[in-house]
Every structure is written in C-alpha cells, then in structure tokens.
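# Coordinates in review
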Amino acid sequence: MLTILFDGVAYGMLLFVLACGLSVTLGLMNLINLAHGAFAMAGGYATVVLVNNFGVPFFLSLPLAFLVAAVIGLVMERAVYVHVYRKPHLEQVLLTIGLVFMAVAGTDYIMGSTQVFAQTPEVLQGQFQFFGVGIGRYRLLIIVVCGVLAIGLQAILTKTRFGSRLRAAVDDQRVARGLGINVNAIFALTFAFGSGLAGLGGALGTEILGLDPTFPLKYMIYFLIVVTVGGTSSITGPFLASLLLGIGDVAGKYYVPKLGAFVIYTIMIVVLIWRPNGLFSRASTK
Amino acid sequence: MSSATSSILRRASDSLSARVRWHPLEIIFWIVAFAMIWLMPTRHLIMTEIAWLGLFALSLDLIVGYAGIISLGHAAFFGVGAYVAALLAKHELINEPVLALLVAGLAAMAVGFVTSFLVLRGTDLTRLMVSLGVALMLRELANQFGWLTGGADGLQGVVMQPILGLFRFDMFGHNGFVYCLVVLFVLFLVARRLANSPFGLSLVAIKNNPLRAAAIGIPVDQRLIVIYSIAAFYAGIAGALLAQTTSFASLDVFSFDRSADLLLVLIIGGTGYLYGGLIGAILFKLMQDYLSVLTPQYWPFWIGALLVAMVLIGRDRITAWNAPLRHLAAKLDWRATRRAAAAAAAAEDR
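Keep in mind the model is a prediction, meaning the values are calculated, not measured. (Residues numbered from 1 in each chain as written. Chains lettered and ligands numbered in written order. Predicted model: local features only at pLDDT ≥ 70, side-chain atom pairs only at ≥ 80, totals over all residues.)

### Side note on the overall build of chain B
Stated precisely, the cut-off is as follows: Working definition: helices are DSSP H or I runs of at least four residues, strands are E runs of at least two. Numbering for both runs from the N terminus. The reference for a compact globule is 2.2 Å times residues^0.38; the radius of gyration itself is calculated from the C-alpha atoms. Burial is judged by counting the other C-beta atoms within 10 Å of a residue's own C-beta: 20 or more makes it buried, 12 or fewer makes it exposed, and any count in between marks it as partly exposed, with every C-beta position built from the backbone. Contact definition: two residues whose C-beta atoms, as placed from backbone geometry, lie within 7 Å.
A count of helices and strands for chain B gives 17 helices and zero strands. Its C-alpha atoms give chain B a radius of gyration of 22 Å, near enough to 20 Å, the size a compact globule of 350 residues would have. Taking the principal axes of the C-alpha coordinates as reference, chain B spans close to 75 × 50 × 45 Å. The 350 residues of chain B split such that 41% are buried. Long-range pairs, those at least 24 residues apart, make up 78% of the contacts in chain B between residues at least 6 apart in sequence.

Okay, structure coming up:
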C-alpha cells in the first residue's frame, strides 16, 4: 500500500519535472506546445547515448541531458516558435503536431524504433526496506532530485528578480512590457529552461517510462493533463496535479488493472467538468 | 423605404444568394468525381479511401471551419461509426448496409451529443484536451471489451451483405467506390444546404466573435452542440464506410494519428468552404501513396515537415498565391458576370 504510494509519488514528481516547463510557457505566451515531449525525448536519448556509447557516468549525464535539451529548446524557440505566438491556436496546434511527427520519424530513422535503456550504476539498482515499505533506490533518487528541483523552482519564482519579472509577464504581458520588462528575452530563457527540465525528466524517466521514438506521442496526453488540471498560473498547481495524476495512475494500474488508463482519463474529465480552468487556478484576469 | 436602404438590402441578399448558387467549377468537380467510376476502374480502392476520408474531413470542417472548435479527437466518432457498422454486420443485426450506415451514424451522433457538453466548456486548450481524452477513452474501452470488439486484434470475420440487397461488395472495390461516392455526394449536398442556411451563417458569426454573436441573439451553446452532433454523425458515417468497404474494424480507428492526419487533410485543402476536406483528401492520399513507396517507414516525417512549412509560410500567404486561380474561377461563373453587367446597365439607365 505505502509502496504504491511511494511509486506514485516518484512517478508524479517525474511528470512534474517533465511538464512544468510546458505550464510556464503556456501561461506566459498562451502557446499550445504539443511538441514538449520531443524535448524530453531528446534528453532521454542524450543520456542513453552518453552512458552506453561514450561511457559517461550516469550522474554526469543528467546535467548534460538538461543542457542538450535546453540548447535545442533555445534554438527551436528562436527559429520556429517565435513565429506563432500571435497566431490562432489552430496554427500552433498544427505546427507542434508537425514537429512531433518529424521528431518521431527522425528519431526512428537515427536511433531505431526499439525501446532503449541507459545502464544505471549499481548504487541505484534494487530496493531496500524502510519500516516495512519497499523503496526502490532509483525511485528514491527521482523523488530527491525532483523534490529539490521543485523547491528550487519555487524559490526562483518567488524570491528572485527574474522570478518576479516572470510572474509579472504571466499575469499581464502588456503591462509588464510597459514597465520595461523584456518579455521576449524572459520567454526565450524560460522556454529553454523548461525544455531543459523536460530533457532532464526524460533522462531520469528512461528507466520508468521507457524510451522509444513514440515517446512524445505517448506522454503528450499526460503532460497536457498536468497542465490543464493544474492550471498555468503557478508552480504549485502543476505540482499537485502531477502528484495526483502519478498516484492515481499507479494505484489505478495496480488495483484495477482491467481498467488500464481509464482511471486518469476519468479523473481528468471529472476535474475539467468541475473546474474548466484547472483545479488550482485563480480566477482568470485576462 | 428609401432607395439607399433598398439598395443595401438588395446587395446583402445578392451576396447571400451568391454563396448558395452553384459555381460551374463545383459542377465540373462532381462530374469528374462520378466520371472516375468509368475513367479509372483499376484505382477504385484508393478512390474509395479518398471518398471516406473526404467525408471525414468534411465533418471536421463543419466544426473547425464553420464553428471554430479545434478538435484533436475527431477520430472518436469515426471509430464509433466503424465499430457499430462492423458489429451490426458481424452479428447480423442489420444486414442491409445502407440502414446499418444510418444506425452507425446515429450512434456516433449520440456520442457526439453527450460529449459536446464536455467539449464546449472552457478554452481552446481544454477543448483540445477533452476531445483528445474522449477519443483515448473510447479506444481504451474498445481495447478492454475484447469479447465484443476483438480487442487489439481488431474485429474480424465481418461479412457484408449486398447494398440494398442488389450490389455485392466486390473484390476490386467497384461497387464499394460507387457506394461511398453516392453517400459522400448526398451528405455533401446536405452539408452545403446547412452551411448556407441561416444556421450555418450564425455558426460563422459565432466563430468570428462569440460574444457579439450572443449579443445579437444567437444561442451560442445550443448552436455549437447541434453542429458538433451533426459533425459527429458525418464522422460516424465515414467510419462506417471504412468498416463496410474493408469488412474490418480495429483500434487504429480511434488513434491520435488519425485525428492529427485529419487536421492536416483539412488544412491542405483549406477550411470553411466545404470542398477543402475533399480536395485535401485527394492530395493527402496521393501524397501518402507516393511517399510511402519512397520511404515506407518514415513518411510521417514529411507529413510533419509539410505541416510546419504550411504554418511558417502562413496560410494567408498560401491563399494569396491562389488569387489568380480564384480570379479565373470567378470569371468562369458566366451567370454572375452576366448579372453584374445587367446591374451596371441598370445603374446607367438611372
């Protein structure tokens, strides 16, 4: 019972790291980015290649995965996304679906279509008993890393000058611009950082989620659930939504395996009927 | 009534009736479509696919192009139609394909009606999510109820009875093609009538500005629910056509790729004028046929590249490139030219 809870928390934390970049970019630029998973996949493959082919230690490969995804994110933002901010949502959906298709087929071409894993160091394998609760070492690592990241992000967002600028830009872009905040630069930076986090999540997640070229399609719905259920105005919303989703999914698959993924879709639809703008969103100001 | 008001009224009614009139190109389009029955008898299988895909895209056009609802889960209704048609035939509940087609469409319509209440809440993103969620949920349902639907293996052993008791579905798909084409044409006529009716015009008003539409007395939610259900009916018919012509239904009918491809089909052809879906279906299938021979495994890459390119170039600009074509089309409409000349002569007389 507690083990399931533990696994669910680990899964939820992972989803949070994967999806929080998406929620910030959506809130900031009102950009629907269905290709977010592609950045996660880039990070995942970066880790796999680094660890398996170049013998880079697993722990070192994680920040490298972050960097790879962040750089790709920065380039893509400046080259492609910047053109569609002011376009209708339909165009954004089309563009990002196109990017997903390209990423899936391109990765298939370069890396092959089979599922891949990174070799994890022995320290992280197996599980130990802690007051009768089976705790997987790898999952513990995920919880620690993601927990630290969540606290760090919250601190950046609430305590630093960059964070207050970012919040101002999310709340009301026009006023923020009027106050001399360079919203475009903030956005580029946030997009790159969010992509990097997705990449890190993808790298951490290869062990749990599995990694193959269809990753962006398979998990797109999960990211979107986190964002829509959690709302886009804060980091706590997506965080709680991720935990809810992670625990719900793991528990659902364990207790009622017959229903499969049915549980989370039901949760999502119920939440969206109850609160169409997300579970934890404030009243919309726009 | 002053002459200024009456001339405005006349111009308004002229511009409204100009939408309704059949353009010569439309007539040529359908003549060519039906001529395909005799012109290319060896290509009827792919043309059958074009016919149901065109119908499917037409149904998406009704909600995207006319009502402005973005849906990523339109395959849900397609799938319901396909499974209902296949199940009806397999268990010999309704043997006559045309009747089964109607029932399948109505079943999809019922699903559309129920889910419309979910989809019409909230913003674009919520709509996107819920439509996607509904499609995934139905897929999961079809997967779990394996005893009924065959699960991941698909529904096999479907035997179709002759259409109207007269025409068998033959191996080369001749009768299947004629059947699909006739269904497509009939439903297109209905959609055309619908789009040019006051109801259709009110949808365009809602798409352009929901708040203003509500202010001039259009019941926004009710109109959207109706058009969503109708679009679901069309999508269900398209799915049923697929199931009937291939005697098969599998989980694939609900897949996300299908919904995403469908958006592409519609975008290639252009939204909001009904022919977009049909033209898009023709271009998409030809392209898919060509690309999948060229690179069997990786053709989605080029589909994706095309989507990205179309958005980056901008659909407005692509439409602008067509301007000479549309100018030519306007000239072809000899009746309109003649009427304009008569109007000019009348103005000179005064």
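### Focus: the overall build of chain A
Assigned secondary structure in chain A consists of 11 helices and two strands. The secondary structure elements of chain A, listed N-terminal to C-terminal, are α-α-α-α-β-β-α-α-α-α-α-α-α. The globule rule puts the C-alpha radius of gyration for 286 residues at 19 Å, and the 19 Å found for chain A is close to it. Counting only C-alpha atoms, chain A reaches 55 × 45 × 35 Å along its principal axes. A buried classification covers 48% of the 286 residues belonging to chain A. Excluding contacts between residues fewer than 6 apart, the proportion of contacts in chain A whose partners are at least 24 apart in sequence is 77%.

### Some thoughts on the packing of helix 4 (residues 89-111) of chain A against helix 14 (residues 299-313) of chain B
Condition: Lines fitted to the C-alpha atoms define the axes, with helices restricted to the stretch that makes contact. Angles between their N-to-C directions range from 0 to 180 degrees. Roughly parallel means an angle under 35 degrees; roughly antiparallel, over 145; roughly perpendicular, 65 to 115; everything else is oblique. Crossing chirality is assigned from the near helix's rotation relative to the far helix, an anticlockwise turn below a right angle marking it left-handed and a clockwise turn marking it right-handed. Three categories are distinguished: nonpolar for Ala, Val, Leu, Ile, Met, Phe, Trp, Tyr, Cys and Pro, charged for Asp, Glu, Lys and Arg, and polar for the others, with Gly belonging to the last.
Remark: helix 4 of chain A packs on helix 14 of chain B, axes separated minimally by 7 Å, with the N-to-C direction vectors making an angle of 150°. Taken together, helix 4 of chain A and helix 14 of chain B sit at an angle that is classed as roughly antiparallel. Our pair here, helix 4 of chain A against helix 14 of chain B, has a crossing hand that is left-handed. Within the contact between the two elements, helix 4 of chain A uses Glu 91, Leu 94, Leu 95, Ile 97, Gly 98, Leu 99, Val 100, Phe 101, Met 102, Val 104, Ala 105 and Gly 106 of chain A and helix 14 of chain B uses Pro 300, Phe 301, Ile 303, Gly 304, Ala 305, Leu 307, Val 308 and Val 311 of chain B. Of the residues that constitute the contact of helix 4 of chain A with helix 14 of chain B, the class distribution is 16 nonpolar, three polar and one charged.

### Some points on the interface of chain A and chain B
The interface of chain A with chain B comprises 35 residues on the first partner and 31 residues on the second. The leading source of residues in the side of chain A that touches chain B is helix 4 of chain A, at 17 residues. Considering only residue class, the side of chain A that touches chain B consists of 25 nonpolar, seven polar and three charged.

### Thoughts on the environment of Gly 200 of chain B
Residue and element names in this part refer to chain B. Secondary-structure assignment places Gly 200 in helix 9 (residues 198-208). Sequence separation between Gly 200 and Met 36 is 164 residues, and the spatial gap between their C-alpha atoms is 31 Å. When residues no more than four places from it in sequence are discounted, the contact partners of Gly 200 are Tyr 66, Leu 194 and Ala 195.

### A word on the domain arrangement of chain B
As a reminder, the rule being used: Segmentation into domains, and thus their bounds, comes from an automatic or database assignment.
Per the domain assignment, the segments making up chain B are domain 1 (40-298) and domain 2 (314-350). Centre-to-centre separation of domain 1 of chain B and domain 2 of chain B, based on C-alpha positions: 34 Å.

### Observations regarding the environment of Arg 192 of chain B
Residue and element names in this part refer to chain B. Note that Arg 192 resides in helix 8 (residues 174-196). The class for Arg 192 is partly exposed, based on 18 C-beta atoms found within 10 Å. Separated by 173 residues in the primary sequence, Arg 192 and Arg 19 have C-alpha atoms spaced 9.9 Å apart.

### Topic: unusual backbone geometry
Note on backbone geometry: most residues besides glycine have negative phi, and most peptide bonds are trans. Residue and element names in this part refer to chain B. Here Ser 247, not a glycine, exhibits a phi torsion of approximately 55°, which is positive. Following the sequence through the fold, Ser 247 ends up in the loop between helix 11 (220-246) and helix 12 (256-269). According to the C-beta neighbour criterion, Ser 247 is partly exposed, with 16 such atoms within 10 Å. In this structure, Leu 274 is a non-glycine residue whose phi angle is positive, near 70°.

### Section: the confidence of the model for chain B
Let me state the cut-off plainly: On a range of 0 to 100, pLDDT expresses the predictor's confidence in each residue.
Residues of chain B with pLDDT of at least 70 account for 91%, and the chain-wide mean is 85. Averaged pLDDT values for the elements of chain B fall to 66 in helix 17 (residues 334-349) of chain B and rise to 93 in helix 11 of chain B.

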